[in-house]
Structure formats: structure tokens, C-alpha cells
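Commentary on secondary and tertiary structure
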Amino acid sequence: MKLKVLIADDEISIRQLIKKLIDPSAPVQIVDEAADGNTAYEMIQEKKPDIVITDIRMPGLNGVELMRKTRENGIQVEFILVSGYRDFEYARSAVQLGALDYLLKPINKEELNRVLEKAWKEQERSETMRKQLENVEEKLAKNQKILRREFMMRYISYAEKGNVPKEIDHYRNGFLPEAGCYTVFLMKIDTDQTEIENSERQRRLEDLSENYIHEIYRVCRETESFCTGSNLYILLNTENEDVLKTLANTLRIRLKEEASFMWPFSLTISIGTTETTLEKIGDSFAAAYCMIWERVRRRRGEVIVSNLQILKTKKIPMLTEEVTQKIEKSISAFHVAQLQQILEDEIKIWKDQRMFVYDLVKSMEQVMEICVRECEKYETEENFQKILKETVGQMENSTTLEGLEGICVNFCCGLLEKCICQRKNGVGRAVKQIQDYLEEHYTEEANLEKIAEKIELTSAYISTIFKKETGMTITNYLIKIRLEKAKQMIRDTNMTITEIAYAVGYVDTRYFSKLFIKNVGIKPVEYRKFYTK
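For clarity, every value in this text was computed on a predicted model and none was experimentally measured.

Observations concerning the overall build of the protein chain
The secondary structure content of the protein chain amounts to 22 helices and 10 strands. In the protein chain, which comprises 533 residues, the proportion classed as buried is 45%. Look at the contacts in the protein chain between residues 6 or more apart in sequence, and 69% of them connect residues 24 or more apart. Carbon and sulfur atoms provide 49% of the accessible area of the protein chain, an area that totals close to 29000 Å².

Here is the structure:
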């Protein structure tokens with residue numbers, strides 16, 4: 001893409017000079033030349049240049065008048081004004097009219113090309129933005145489905161993960177302007193055959209739900225659906241709540257009648273709250289997702305309708321500080337049986353409270369996150385965050401409360417067992433980080449606060465765990481590193497003992513020699529003689 005340029009000046013020598021000054025490699029095309037303002041205006045209309053380089057003083061229309069006339073007639077073109085010092089007031093007027101820039105005579109080559117390059121880059125950016133806008137408008141004009149599907153994905157993410165969606169105005173054009181009753185249906189497929197992969201679950205969900213979707217479409221003003229694995233979300237817009245009640249009863253009867261034909265699968269439908277505006281539709285998504293978890297209480301294959309009054313009492317219990325500390329202590333003690341008992345006791349309390357299954361699951365996720373946080377201090381190889389994400393996905397397909405509890409407990413105890421195995425084979429993550437830090441900064445003093453800040457733990461904790469896992473203090477470990485470095489320098493270099501002591505972090509040579517004798521058994525000079533024989 002080249003920048004189309006029109007040159008306007010009453011002196012042919014100036015026009016020729018401007019053409020000569022423009023860098024031949026620049027993306028510029030001279031479309032024409034004009035010797036006066038009136039001719040220049042006609043050429044602007046005919047040639048449609050991107051840039052007009054014009055002298056301020058010309059016969060007919062001067063440069064400022066030419067610019068004003070194009071602006072008044074809505075012609076989109078940029079101006080670069082060429083001016084002498086005596087034309088400063090004209091130049092100021094031009095800038096007020098929105099000139100791209102103005103150049104003083106005699107024209108400087110570098111300055112001219114700088115302005116043209118700036119204009120070309122601005123045009124390229126504008127052209128890119130224009131094409132992007134046209135592309136978006138074309139897609140939206142051809143198919144509102146794009147906007148509606150994005151809407152579905154964002155609100156599903158809001159329901160399942162708590163991610164706050166964009167303002168609803170961003171999506172409003174994707175839906176009918178008339179208000180109605182907006183509700184979310186969530187269809188979920190389950191099976192006791194755990195070997196069936198998610199891709200197969202999704203395929204069967206689409207097959208089994210097809211007839212039910214046709215029934216929904218038949219009575220709704222508009223619908224939109226989106227499938228995520230074994231969950232199928234459907235957004236409905238109906239005339240009134242009576243239509244929804246009738247539809248729910250119809251689906252309930254059909255599910256009961258067709259249950260035997262679905263084996264080994266079952267289809268459960270949860271219905272979110274009814275909202276009169278799109279602004280509140282997030283509540284319906286969240287309610288439908290919350291209620292689908294209730295199927296694990298022997299409600300698979302049913303239509304589960306949200307109860308707004310009950311939902312208002314929904315509250316995820318927070319772990320008490322006491323229970324959190326018990327979990328942390330059992331992990332730090334590497335006591336798997338103790339951790340298992342703590343988790344089972346706490347989950348039993350939650351189950352006895354008859355809370356929503358959704359809340360129970362979120363509480364289990366809190367416990368799992370605590371275990372990941374604590375176990376990451378000891379383990380160095382496993383990606384616990386990845387394992388956590390996969391395990392949460394497994395909970396989505398669990399069909400019983402006992403199954404959910406088993407997944408949670410097995411996950412947490414499994415992490416701790418991995419830590420124990422890692423500990424038997426070597427030091428844990430936190431100790432390895434401390435060792436790496438000391439290896440890199442062995443010439444510095446062992447500042448516990450600085451090390452603790454580096455690895456995001458407390459100084460008291462790193463001091464305790466380091467001694468527990470290595471059998472020595474951090475200070476003694478640093479001495480060990482320094483003396484090993486010193487021994488290598490004594491053997492392989494001609495540096496003096498004083499220089500070596502300083503190189504490994506000791507200013508006092510006598511103190512260095514005492515440490516060397518204490519740990520190696522001989523003086524540094526004797527050690528050197530031994531290796532130089």
C-alpha cells in the first residue's frame with residue numbers, strides 16, 4: 001500500500017525539488033502536481049490523494065484556504081504545509097485546521113521524509129483498523145450466531161468458574177429487542193461406565209438431547225445453545241412463565257418414559273431461574289449449574305427446577321482456621337492416615353448440614369487447593385496445578401456423593417504420598433530452592449530474610465525445614481559450598497590463599513584458614529602442596 005501524494009506549488013522548481021527530496025524507497029506515489037490552489041482543489045476531488053504537500057502562498061486559493069475548503073466539503077485528505085518564516089501566522093492557522101505538519105523553507109530532506117513516514121504509518125494503522133471493523137461488521141451482519149455463542153461461552157464460564165462476563169450491552173444486538181422471560185436449561189449426560197471418554201459422552205449427549213431440543217425450540221421465541229463436554233446449555237426466551245412450566249412438565253414426562261432407551265446413559269435437565277431482562281441472565285446460568293449437581297442425590301434422569309428462595313440461602317462454608325492448620329500440620333508431618341481422617345470428618349460435617357451439592361463441591365475444591373499449596377513446598381517434579389484441574393474435571397462426571405468424597409480424599413492423600421516418595425529420593429522443593437540460591441550467591445552472607453523472601457516462605461520455616469531435610473543449618477551448608485569452591489581454586493589456579501579466601505566470601509584469611517583446617521583437616525597451603533607434588 002502506497003501513500004498517494006499531490007504536490008501544489010506555483011514554482012515548478014519547488015515541485016521538482018520536493019519530488020527529488022522524497023526517498024525513492026519510501027512507499028509514496030506522486031499522483032499529480034498543481035501550480036495554483038484552484039487546480040489543486042480539482043485534482044484533490046479527481047485523484048483522491050492521501051496527502052497534499054502545498055505551499056501556503058499560491059495564486060487562487062492559498063494553502064490555508066485550500067485546506068479549509070476541503071474540510072468544509074468533507075473531503076478526507078491530510079495536508080503538509082510548506083512555509084517561509086514570514087508565513088508563520090498562516091502556518092498556525094493551518095495547524096488549527098488540523099494540518100498533519102508544516103515544513104519551513106528551505107525544505108530539509110530528512111524532515112520531509114520523517115513527516116511522510118509518519119503519515120504512511122498512520123494511514124496503514126487506520127487502514128488496518130478499517131479492514132478489521134469491516135470484517136467484524138460483515139460477520140455480524142451475516143450471522144448473529146457469533147455474538148450469541150460468545151455470550152453463551154462467557155456466561156457458562158461465569159456460572160462454572162465465577163469469571164465475570166462483559167457488560168450485557170456488548171451482546172444485546174445478538175438477541176431480539178423485545179423483552180421476554182429468559183431462562184437457562186442445562187442438560188447433562190451421565191453413565192456409570194467410567195471408561196467412556198468425554199468425546200463419546202458429548203456425542204451421545206448431542207444425540208439424546210436432539211428430540212428434547214426440538215420440543216424446546218417449538219415453544220420459544222428464540223433459543224441459543226452451547227455444549228461443553230457432557231453439559232449442554234440452552235438459553236430460552238419465552239412469552240411468559242406459563243410456557244416454561246408447561247415445557248418443564250412435558251420434558252419431565254418424556255425423560256421418565258424414555259429412560260430405559262438411554263441405557264447405559266441418563267439425561268438430567270436442570271432449569272435456572274426465570275429473568276425478565278438479559279441483565280440478570282447470569283443468575284439463571286448460575287442457578288442451572290448449581291442445581292445440576294443435585295442429581296448426585298439420586299435425582300439422575302429428572303427435571304430439577306431452581307427454587308429462588310432456597311437458592312438465596314446458598315452459602316459455601318469456609319474452612320475454619322483450626323481445620324486448615326490441622327491439614328497443614330498433617331502434611332508437614334507427612335502423615336497420610338491423619339490427613340485422610342481430617343478430610344473425612346470435615347466432609348461428614350458438611351454432608352450432615354444438607355447443603356447444596358454445588359457448595360459441598362466448592363468446599364472440597366478449597367481443601368484440595370490447600371493441599372496443593374502445602375505439598376508444592378516439598379515436591380519438585382509433579383505439576384500439582386495440572387493434576388488439580390484434571391481432578392476437578394473428574395468431579396463433574398461423578399454421580400454420587402460418595403464418589404465426590406472419594407475423589408477429593410484420594411487426590412489430597414495421593415499428593416502427600418507423592419511428596420513422601422520424593423522426600424525419600426531427595427530433598428523437597430523448598431530446600432532445593434534454598435540450595436540453588438546458596439550455590440548462586442555463595443560469596444554473600446546467608447541472609448535468611450532475603451532467602452525467605454526470594455522463595456516466598458518465612459525465615460523461621462526455611463531454617464527449620466532445611467535442617468530437618470539436610471541435617472545441617474543453612475550457614476553450615478554455605479560454609480560447605482565455599483570450602484568446596486576454595487578447594488577447587490587451590491587445586492586448579494595459582495591464586496594466593498588470601499585471594500581465594502576473598503573470592504569465596506571471606507575477608508579474614510585467618511578465619512578462612514581455621515574453617516579450612518576444621519572441615520578439611522589440613523591447612524590450605526598444605527592442601528596445595530599435596531596436589532602440586
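A closer look at the pairing of strand β5 (residues 101-104)
Side chains D101 and L103 project from β5 onto a buried face, and the interleaved Y102 and L104 project onto a face without burial. As defined by bridge partners, strand β4 (residues 78-83) adjoins β5 across 4 bridges and the pair is classed as parallel. Residue I80 lies in a different strand from β5, and its bridge partner there is D101.

Focus on the sheet that holds strand β9 (residues 265-271)
Spatial strand order, β7-β8-β6-β9-β10: 5 strands in an open sheet with mixed pairing. Each of the sheet's edge strands pairs with one partner strand only, and the pair in question is β7 (222-228) and β10 (303-305). Neighbouring strand axes in the sheet, compared pairwise and without regard to direction, differ in orientation by 20 degrees on average. As paired elements, strand β6 (residues 181-191) and β9 share 7 bridges and run antiparallel to each other. Within β9, the residue paired with T191 across the bridge is F265. Packed on one face of the sheet, helix α7 (residues 198-219) meets β6, β7, β8 (231-238) and β9 and runs near 150 degrees to β6. Its contacts with the sheet place helix α8 (residues 241-262) against β6, β8, β9 and β10, and it is angled at close to 170 degrees to β9.

Some remarks on unusual backbone geometry
Following K105, the chain continues into P106 via a peptide bond in cis, with omega recorded as -5 degrees. Despite not being glycine, K48 shows a phi value in the positive range, around 50 degrees. As for its position among the elements, K48 is in the loop between α2 (37-47) and β3 (51-55). What makes K48 exposed here is its relative accessible area of 57%.

Comments concerning the pattern of salt bridges
The final tally for this structure, using the stated rule, is 21 salt bridges. Two residues, E396 and K188, come together in a salt bridge whose shortest N-O distance is 3.9 Å. With a gap of 208 residues between them, E396 in helix α14 (residues 384-396) and K188 in strand β6 connect regions that are remote in the sequence. Judged by its relative accessible area of 1%, K188 is buried. Measuring nitrogen to oxygen at the nearest pair gives 2.6 Å for the salt bridge that ties R295 to D190. Highlighted residues: R295 in the loop between α9 (281-292) and β10 and D190 in strand β6, separated in sequence by 105 residues. Considered together, R295 and D190 belong to a single accessibility category, that of buried residues. Within this structure, R15, K19 and E33 form a network of salt bridges that share partners.

Section: the nonpolar core
Residues F285, W293, I327, L404, L438 and F512 are the most contacted members of the largest nonpolar core, which totals 93 residues. Each residue touching W293, except ones within four places of it in the same chain, is listed here: V357, Y358, V361, M395, E396 and L404. Listed in part, the 25 residues of the second largest apolar core include I234, L236, L251 and M262.

Some words on the packing of aromatic side chains
Each aromatic ring pair is summarised here by two numbers: the centre-to-centre distance and the angle between the ring planes. According to the stated counting rule, one finds 8 aromatic pairs in the structure shown. Plain terms: the ring middles of F466 and Y477 are 5.4 Å apart, the flat faces sit at 75 degrees to each other, and that makes the pair edge-to-face. One end of the pair, F466, is in helix α18 (residues 459-470); the other, Y477, is in helix α19 (residues 474-492), and 11 residues separate them in sequence. Across the pair, Y477 and F466 agree in class, each one buried. An angle of 40 degrees between the planes, with centres 5.9 Å apart, marks the rings of Y506 and F512 as tilted. Given the relative accessible area of 6%, Y506 is considered buried.

Looking at the confidence of the model for the protein chain
Chain-level statistics for the protein chain give a pLDDT mean of 81 and a share of 87% at 70 or above. Here helix α10 (residues 308-312) is the element of the protein chain with the lowest mean pLDDT, 60, and α2 is the one with the highest, 91.

A closer look at the state of the cysteines
Within this structure, the stated rule accounts for 0 disulfides. The thiol of C413 is not disulfide-bonded; the next cysteine sulfur, from C412, is found 6.8 Å away.

Quick notes on the layout of surface pockets
Roughly 750 Å³ of volume is contained in the largest pocket. Considering the residues around the largest pocket, the lining is formed by 27 residues, among which K161, K389, V392, G393 and E396 are closest to the centre. Taken together, the elements giving at least two residues each to the lining of the largest pocket come down to α6 (145-161), α13 (357-375) and α14. Top contributing element to the lining of the largest pocket by residue count: α14, with 8 residues. Here the lining of the largest pocket is composed, by residue class, of 8 nonpolar, 10 polar and 9 charged.

Cut-offs used in this document
- Residues numbered from 1 in each chain as written.
- Predicted model: local features only at pLDDT ≥ 70, side-chain atom pairs only at ≥ 80, totals over all residues.
- Heavy atoms only, no water.
- Helix = DSSP H or I, 4+ residues; strand = E, 2+ residues; numbered from the N terminus.
- Buried < 20%, exposed > 50% of the residue type's maximum accessible area, 1.4 Å probe, protein only.
- Contact = heavy atoms within 4.5 Å.
- Areas by Shrake-Rupley, 256 points an atom, 1.4 Å probe, with all protein chains shown as cover.
- Pairing = 2+ DSSP bridges.
- Axes fitted to C-alpha atoms, helices over the stretch in contact; angles between N-to-C directions.
- Salt bridge = Lys/Arg side-chain N within 4 Å of Asp/Glu carboxyl O.
- Core = buried A, V, L, I, M, F, W, Y, C linked by side-chain atoms within 4.5 Å.
- Phe/Tyr/Trp six-rings, centres within 6.5 Å; stacked < 30°, edge-to-face > 60°.
- pLDDT = per-residue confidence, 0-100.
- Disulfide = S-S within 2.5 Å.
- 1 Å grid on protein atoms, 1.4 Å probe; cavity = no way out; pocket = protein on both sides within 12 Å on 5 of 7 lines; lining within 4 Å.
- Points joined across faces, edges and corners; volume = space filled by probe spheres on them.
- Nonpolar A, V, L, I, M, F, W, Y, C, P; charged D, E, K, R; others polar.

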